[in-house]
Amino acid sequence: MASTMIPYTVNIKLAARTLTGTLHLQNKTAVDWGWQGLIAQGCHSSILIIDPKTSQTIQVLERHKANVVKVKWSRENYHHNLNSPYSLRLASADAAGKIIVWDVVSGMAHCEIQEHTKPIQDMDWLWAQDASRDLLLAVHPPNYIVLWNGDTGTKLWKKSYAENILSFSFDPFEPSNLALLTSEGIVFVTDFSHSKPPGSGGKKVYIASPHSSPAHSKPAPVQPTGAKKALNKVKVLITNEKPTAEAVTLNDCLQLSYLPSKRNHMLLLYSREILILDLELSQTVGVVAIERSGVPFIQVIPCAQRDALYCLHENGCVTLRVSLSALRSFSMYFLLTDPEQSVQELVYDLRSQCDGIRVTKTVRPYRVVICPVNENSAALVVSDGRVMLWELKAHANKSTSNLSSGFPPLYSSVNFCGTPLRHNQKCIPDLSLNTMIGHSLISGVDPPRPSAGQHEVHLKFLLTGLLSGLPLPPFSLRMCPPLTTKNINHYQPLLAVGTSNGSVLVYNLTSGLLHKELSVHSCEVRGIEWVSLTSFLSFATSVPNNLGLVRNELQHVDLRTGRCFAFRGERGNDEPAIEMIKVSHLKQYLVVVFRDKPLELWDVRTGTLLREMAKNFPTVTALEWSPSHNLKSLKKKQLAAREAMARQTTLADAEQSSVESSVISLLQDAESKSETCHGISAREHFVFTDTDGQVYHITVEGNTVKDGARIPPDGSMGSIACIAWKGDTLVLGDIDGNLNFWDLKARLSRGVPTHRGWVKKIRFAPGKGNQKLLVMYTDGAEVWDTKEVQMVSSIRVGRNVSYRILDIDWCTSDKVVLASDDGCVRVLEMAMKSASYRMDEQDLTDPVWCPYLLLPRAALTLKAFLLLQPWSDTFTMDIFQIDYIEKEEIKGLIQEQLNSLSNDIKSVLQDPNLNLLQRCLLVSRLFGDESDIQFWTVAAHYIQLFAQNRQPIRSTPEAQAPAEDLQSIPVNHLDICHDTLCEGAFFQRFQLERVHLQEVKRSSYEHTKKCADQLLLLGQTDRAVQLLLETSADNPSYYCDSLKACLVTTITSSGPSQSTIKLVATNMIANGKLAEGVQLLCLIDKAVDACRYLQTYGEWNRAAWLAKVRLSPTESSDVLKRWAEHLCSPQVNQKSKAILVLLSLGCFHKVGEMLHSMRYFDRAALFIKACLRYEVMEANDDDSRVTCVAFVNYAKLLRSIGLKQGAVLWASQAEEAGKDLLDELSKTEGSGSDPSPNEEEANITLVNMD
């Protein structure tokens, strides 16, 4: 770039970027919404990163050569600190089998993985991240699963299966379980581990499609409940044998997913129904079916926070179905209205739906993704490149519930961020799905009526954002005139993109956003020329008729008003097609070149035809206006004309002088009336070549056209295809790929063969003295330096890019813009390398809340700042108000993040009523920190529960009441998605309801047997006996079951029978019949022993389940503590799960110790602080030692990230242990230095504590 250009580029900041368009069919499944709060979407071989809150594309990643088929954000299920920072990591896989793991902020590839060259079928990160947070599982066609380390790109293991694998789903409750959807059926893997491949081939089950079931052959009854009743008859569909030929097999199963809302449940999606399976019984317990006239499903996403399903239908409609599960406290209502409904079944009621889209041949819905953090917003990806952002809103319904709708009412949640709302406390009712809808009430545990704080809610979808892409290619591009010193104050870098449907899209390249969309033509736009900064001419040609004639449209468009008129008036019907239009440098004249007709010369300012050339005028192959023009003579003429005008109108002297002083500025205004009415024009020239390669020189002045010198053809050149002219350099390009550089001053010419075929277009870069040239060929483009006559950079299809280039232009003196056949328009550096850019250097129109964009240290500072501000009474949102030692630039970035928070969130954070537990949970949600959300949800629940249970015992006077006032409202139970962490009574009731449902749904002896076994474990002996006696006489197990029934009914608690049964049970267990032995032990109320045996034999989950449903709290506590120890062992390494188990047991002291020993200093200190506020930790020496050490280490952590005030405060709360640190802090106060705590310091305190 010439040094003279520098002042011109100062004021305009253009980032390299990609404007994307329609998607490829292979991009269909390439979309993901991460815990980090951003959406990643594949578009051809690029990946867009979208911020759903502001609906803007904030990054485009380019490195894949093939179409992207899958994208997956890494999980955030680990504790974040400086060594494990908040970072944006994304894995993407393409149709050529390559997987790239990205650092999204820098736009750089972290590592690249390649195993085979076929498209990756499916991939996902492992969610259990205690051992490693870098593990990525991928399905490499046809039948391999490979576990990769996504950080280093190394292969850990590879395993093949007998059938082709289509997709997989991880069990969200058990990291060792994995289900593979294959072409034949489902394969269940139960020994998945990161250290070695699964040993067996997994358990195969085959599924006959529901269409082969008799329910579908019946005519549909008229009343709406008919379909549901028919579907109640759909029984088991899962078999271990291959289905017969006439039964349709699994081929039409679209999707398989575990339900994250309850353990051991899975959904299978077909185009017309969703089956809910209970995996313990391998049977269908629920069916969501579409009526005959309904729109088929494409995809379904199960939620975790509530038992709900987001479904996408073929018309682009997203529906939300919520299950009130089989656990109906409304069963009385159903018994009254429909006696058959007392046969319970999992029903997912349609609670909300959004509008569909207009589906055409090219416009179809592809995929929907939902926000994993809050589960209350969905993004729909459409094949034309649109992304529609829908948010779920809850509307309170004041009237009494209208039961005629057939659905029981939904109630709002009592809790906000895990804690019951206080009086006058600010909250965000739409924060997440579980703050919008309360629990599904459970009979026998919950009161039948909603509690005082709850009101009925209705859910509605609201369209809150829309991103639209470019239409289908081809495109023609033209950048507006370049930035100069004269237009610097009002310049906007606008790019006009002409499209195949006749519209012209104008983009502002500073933001990358669409500035205007103008519907200008009725057919494909062929070319655009700007005539000022705010107006352009564009032409389009219709399809030729049988005489080869077309309808030409040449339109003049004013951007400010949107006014658009036909420039050639009535002309344009049935004539040869326009080949090109060229506007002169002073924007005075326009040349229109036709295919088989002489050219026309127009005056742009008046819109008049100056000259239509004679029939014998040579055929033009290329044409360019001269940049040198006679502006001086124009100025003289214009000055004379104005003086004449001034004399005519006899202006006052003062006015006349003002006219003269403004003459200079008016000279540039080509549309000024005084000039056009006097017909004053500057002389301009253009050159063109004919079919023989002869160069003609023509001068235009006013309406006189003079023929100038002719230069004979250059023998070394073929037919000239294009010309470019700047300064004293003229360049010709021909159809054989030769470039001819003419130096007009030195009268030299130099030919260079590029060997790249037809030179389609050549353009000089803007800027004084900038002699770079952009050349377009059929297979790519090059940038040349015309001073040195050498190539600067090159791009070629198949070599460095996978797309073909359709059009080119310069957008600044050092950046080019390319339109390509993958439907994208790319702004690239002159080197034309990849378009990924650093996100933190970008100029966004709207600020984006994403702490992951900050440096790791700054992100942790922001989190600590939002979590606790104990240094003042009022909560501030201004980082500059506090004593924070950091560079001003980083402070500014943190403040930008704080400013981008919504007003709702700010007001809640600043509300003095927001307690510590709520704040921790809210900040975890804002950061999308999966591990934090899990921890604080369980911690908040159990701290409050244990505090409440202790409350009657305490006889403290009012004055000594704890800081967090406990309300009389009972704490709600934990959601069932926390499984064995829930309270015993609730968990037990849920399991009973579940067995009841299984019992209703059973359809074979196998199912009956499993139900009876479950009932025995749950202590429901009477019901179990009934089931055992159902065994038919011709069943081989008839005798066995009858005896078992007798045994169950006659068991007495006499000593001898007990000891005999115990002996038999232990023998059975010793001989490998664990389940049977455990059953016998449960019969004689020896469930404690049963749990111990289960744990000895490695059935830890089963033991925890049994302890929860059968044992008293103290006995169960022992079993669960042993489980927690097992989870902490190095070979299992699930400490985060162990901590949750200990929380549910109220072992808060142990949790504090463990958090500290795992170096989770921030979490440990805040947790202990919360426990002290709720008085659930004893004030003994042990506890106070843990407390002090945790506080000191948190103080050191705060000091290391620059929050000195916070460090002083925490150190001062640590009593003796914090004295040394306080002294250090007061010393550094004077010196201003900032020593960060090293690992040794923290280790010493750990050793002292031990």
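Just so it is clear, the model here is predicted, and its values are computed rather than measured.

> Can you help me understand the environment of leucine 732 in this one?
Residue placement: leucine 732 occurs in strand β51 (residues 729-734). Through-space distance from the C-alpha of leucine 732 to that of leucine 623 is 9.9 Å; in sequence the pair is 109 residues apart. Look past the residues within four positions of leucine 732 in its chain and what remains in contact with it is Met717, Ile720, Cys722, Ile723, Asn738, Leu739, Asn740, Trp742 and Ile762.

> Sorry, what's going on with the sheet that holds strand β50 (residues 720-726) here?
The strands making up a sheet associate through backbone hydrogen bonding, with each pair oriented either parallel or antiparallel. Strand order in the open sheet made by the four strands is β50-β51-β52-β53, with antiparallel pairing throughout. In this open sheet, the two strands that pair with only one neighbour each are β50 and β53 (748-753). Between one strand axis and the next, the sheet turns by 15° as a mean value, whatever way the strands run. For strand β52 (residues 738-743) and β53, the ladder comprises six bridges, and the chain directions are antiparallel. Its bridge partner being in β53, tryptophan 742 is matched across the sheet by serine 749.

> How should the packing of helix α19 (residues 1074-1083) against helix α20 (residues 1087-1096) be read in this particular structure?
Helices that pack against each other are described as a pair by the angle of their axes relative to one another and the distance between those axes. Running from N to C, α19 and α20 cross one another at 160°; their axes reach a closest spacing of 8 Å. Here α19 lies roughly antiparallel to α20, going by the angle between them. Note that α19 runs across α20; the crossing there is left-handed. Contact with α19, carried on its side by Leu1074, Val1078, Leu1081 and Cys1082, involves Ala1087, Asp1089, Ala1090, Tyr1093 and Leu1094 of α20 and no other residues of that element. Across the contact of α19 with α20, the residue classes tally to eight nonpolar, no polar and one charged.

> Explain the confidence of the model for the protein chain to me, please; I cannot follow it from the model alone.
A low pLDDT score tells you not to read the predicted coordinates there in detail. Mean pLDDT over the protein chain stands at 84; residues scoring 70 or higher make up 84%. Long-range and interchain partners of residues 650-678, a stretch whose pLDDT sits below 50, account for 27 contacts in this model, where long-range means more than four residues apart. Note that pLDDT drops below 50 for residues 1232-1250; the model gives that stretch 33 contacts with residues more than four away or on any other chain.

> In this structure, what is going on with the sheet that holds strand β25 (residues 318-323)? I would like to understand it.
Here four strands make up an open sheet; going across it, the order is β23-β24-β25-β26 and the pairing antiparallel. The open sheet terminates on both sides in strands that have one partner only, identified here as β23 (297-302) and β26 (348-353). Looking at each pair of strands side by side, their axes are set apart by 30° on average, direction ignored. When β25 meets β26, the two strands line up antiparallel, connected through five bridges. Residue pairing in the sheet places valine 322 in a bridge with aspartate 349 of β26.

> Would you take a moment to explain the pattern of salt bridges for this structure?
Where side chains of opposite charge bring their charged atoms close, a pairing between them can arise. A complete count under the given rule lists 54 salt bridges for this structure. Between arginine 560 and aspartate 558 there is a salt bridge, with the nearest N and O atoms lying 3.5 Å from each other. Residue classification places arginine 560 among the exposed positions, given a relative accessible area of 60%. Take aspartate 558: its relative accessible area is 16%, and that puts it in the buried class. Notably, a salt bridge pairs lysine 863 with aspartate 932, separated by 2.6 Å at the nearest N-O pair. Here lysine 863, found in helix α9 (residues 856-867), pairs with aspartate 932, found in helix α13 (residues 930-950); they are 69 residues apart in sequence, far enough to count as distant. In terms of burial, lysine 863 and aspartate 932 fall into one category: buried. By sharing partners, the salt bridges in this structure join Arg568, Arg571, Glu575, Lys597, Glu600 and Glu612 into a single network.

Scoring rules and cut-offs
Residues numbered from 1 in each chain as written. Predicted model: local features only at pLDDT ≥ 70, side-chain atom pairs only at ≥ 80, totals over all residues. Heavy atoms only, no water. Helix = DSSP H or I, 4+ residues; strand = E, 2+ residues; numbered from the N terminus. Contact = heavy atoms within 4.5 Å. Pairing = 2+ DSSP bridges. Axes fitted to C-alpha atoms, helices over the stretch in contact; angles between N-to-C directions. Parallel < 35°, antiparallel > 145°, perpendicular 65-115°, else oblique. Left-handed = near helix turned anticlockwise from the far one by under 90°. Nonpolar A, V, L, I, M, F, W, Y, C, P; charged D, E, K, R; others polar. pLDDT = per-residue confidence, 0-100. Salt bridge = Lys/Arg side-chain N within 4 Å of Asp/Glu carboxyl O. Buried < 20%, exposed > 50% of the residue type's maximum accessible area, 1.4 Å probe, protein only.

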